[in-house]
Amino acid sequence: MTLIDIERQVLEGAKLFESVNGAPWKDPRFRMVEDDGRNFMRRDPRPSFDVIISEPSNPWMTGAASLFTREFFTIAKQRLRTGGFFVQWLQIYEMDPVRIRSLLKTFHSVYPHVLVFSAHRDSNDLLLVGGDQLFQIDAERFRETFESVAYDLDRADLHSPEELLALLLISEKEIETLDAPINTDDNAFVEFGAPEDLVTYAEKDPDVDFLDVLAGDRQALLRRVFVVPAGSTFDWLADLSRGYLRQGLLDDVIGIAHAIRTEGPTSPALERAKASE
C-alpha cells in the first residue's frame, strides 16, 4: 500500500484526522513516497499494483492537468497487474461540457472497460473506474465487501449496497458515443480551455445530460456488469429499486417496476438473464 504525494505534510495533516481516516500509516504494508505521482510511475514501468487511485486537484490546474492526459493514463496502466483497476476522481464543475466529454473519452481511450459513478447524488464530482477486463461483479461478494466498510460508507450517506449501485451513471458503451477530442500532453485541451470555462461557469453548472442518458433504465447497465445468483433476479431488482428511491431517482424506480412487470418467469428476457447468471 503506497501513498505518493509531492508534499510530505499531507501525511502529517492526515494524522490530525485519524479518528475518521482509519490511520492507514499504521498498517505494516504502508509506505509513503514523497514524489510527483507521474514521475514515480514512469521510473519503474513494471506492473506492481492491483488498484491505483488518483485524486489530484482540478484537471485544468497547471501541474495537476498532466495527470488527466492520455499519456498519464497510459503510464498508470502499465503499473497495473492483470485484472487491476485504475480509479480517477474527476471534478466536473467550472468546465465546459466538451472538456468533460474529452476527459471521459481520454480515459476510455486507454481503459477499454469503464464505469462512471457519481460521488454523491448532489455532487459535481465523478469516479471513473477503468480496466482491461470486462466487469463481471459478483453480487453476493459485493454485498459482503460493502458490509466490511459499512461504517465509512454510512458517513458518506450510503446505507446499503444498492444505494451505492444507484450512483452508477454510464459505462464505456455510452462514452463511445460522445464527441470530443482526446486530451493529450501536447494539445492540453482541458488545461488551455480553463480561462474561458472559469468565467463562463463561475455561477452556473455545465449541462451534462450525456451523464443522464440512461435515466429510467440504469438497471439494464447494472444487469450487464453484475452476476446475480440464479433465481434471485427479482429480489435483487426490488432491493435496487429501494436504492434508487433513496437516491431520489424516481424514473429508475419506475423503470425497474416496468421491467418486473414485463419480464415474467417465462419471458425470453428473463430466460436470457437467467442463462447469463
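Once that is clear, we can look at the sheet that holds strand 8 (residues 168-171). The mixed open sheet is built from 5 strands, whose spatial order is 3-4-6-5-8. Each edge of the sheet is formed by a strand with only one pairing partner; in this case those strands are strand 3 (49-54) and strand 8. Here the average twist between neighbouring strands, direction ignored, is 15°. Of the strands in this sheet, strand 4 (80-91), strand 5 (113-118), strand 6 (125-131) and strand 8 are in contact with helix 5 (residues 97-110), which crosses strand 6 at around 20°. Its contacts with the sheet place helix 12 (residues 218-225) against strand 5 and strand 8, and it is angled at close to 65° to strand 8.

What follows covers helix 6 (residues 139-148). The periodicity of an α-helix, 3.6 residues per turn, causes residues three or four places apart in sequence to face the same way. Every buried residue of helix 6 is accounted for by A139, F142 and F146. The arc enclosing the buried residues of helix 6, seen along the axis, measures out at 55°, which places them on a common side. Set apart from the buried face of helix 6 by more than 90 degrees, the exposed residues are E140, R141, E144, E147 and S148. Buried-residue contacts for helix 6 involve strand 7 (137-138), helix 7 (150-155), helix 8 (161-165), strand 9 (226-227) and helix 13 (233-246). With a side-chain oxygen positioned 3.1 Å from the backbone nitrogen of E140, the residue opening helix 6 is D138.

This part is about the packing of helix 12 against helix 13. At a closest axis distance of 12 Å, the pairing of helix 12 and helix 13 adopts a crossing angle of 130°. When the interaxial angle is binned, helix 12 and helix 13 end up oblique. The hand of the helix 12/helix 13 crossing is right-handed. Counting all contacts with helix 12, which are made through R218, Q219, L222 and R223, the residues of helix 13 involved are T233, W236, L237, L240 and Y244. Split into classes, the residues belonging to the contact of helix 12 with helix 13 amount to 5 nonpolar, 2 polar and 2 charged.

When pLDDT is averaged along the chain, the result is 90, and 95% of the positions lie at 70 or above. Scored below 50 in pLDDT, residues 266-277 makes 17 contacts in the model with residues more than four places away or belonging to other chains.

So, on to the packing of aromatic side chains. Under the definition given, this model contains 10 aromatic pairs. Their ring planes at 50° and their centres at 6.2 Å tell us that F72 and F73 sit as a pair that is tilted. One exposure class covers both F72 and F73, and it is buried. Between the aromatic rings of F107 and Y111, the centroid separation amounts to 4.9 Å while the plane-to-plane angle is 35°, which identifies the pairing as tilted. The pair F107 / Y111 is uniform in exposure class, with both members buried. By way of ring pairs, the aromatic residues F72, F73, F86, F107 and Y111 are connected into one cluster. Directly above the ring of F189 sits R99, whose terminal nitrogen or CZ lies 5.0 Å from the centroid.

Our focus in this paragraph is a negative patch on the surface. Together, D138, E140, E144 and E147 give the surface a local cluster of negative charge. Tallying contributions element by element places helix 6 first for the negative patch, with 3 residues. By the element assignment, E147 lies in helix 6. Since its relative accessible area comes to 52%, E147 is described here as exposed.

Conventions and cut-offs
- Residues numbered from 1 in each chain as written.
- Predicted model: local features only at pLDDT ≥ 70, side-chain atom pairs only at ≥ 80, totals over all residues.
- Heavy atoms only, no water.
- Pairing = 2+ DSSP bridges.
- Helix = DSSP H or I, 4+ residues; strand = E, 2+ residues; numbered from the N terminus.
- Axes fitted to C-alpha atoms, helices over the stretch in contact; angles between N-to-C directions.
- Contact = heavy atoms within 4.5 Å.
- Buried < 20%, exposed > 50% of the residue type's maximum accessible area, 1.4 Å probe, protein only.
- Arc of directions from axis to C-beta.
- Polar contact = N/O pair within 3.5 Å; in protein donor to acceptor, adjacent residues only side chain to side chain.
- Parallel < 35°, antiparallel > 145°, perpendicular 65-115°, else oblique.
- Left-handed = near helix turned anticlockwise from the far one by under 90°.
- Nonpolar A, V, L, I, M, F, W, Y, C, P; charged D, E, K, R; others polar.
- pLDDT = per-residue confidence, 0-100.
- Phe/Tyr/Trp six-rings, centres within 6.5 Å; stacked < 30°, edge-to-face > 60°.
- Lys NZ or Arg CZ within 6 Å of the ring centre and 35° of its normal.
- Patch = residues over 30% accessible without salt bridge, like charges linked within 9 Å, V, L, I, M, F, W, Y side chains within 5 Å.
- Areas by Shrake-Rupley, 256 points an atom, 1.4 Å probe, with all protein chains shown as cover.
- Salt bridge = Lys/Arg side-chain N within 4 Å of Asp/Glu carboxyl O.
- Lys, Arg positive; Asp, Glu negative; His and termini not counted.
- Charge placed at Lys NZ, Arg CZ, Asp CG, Glu CD.

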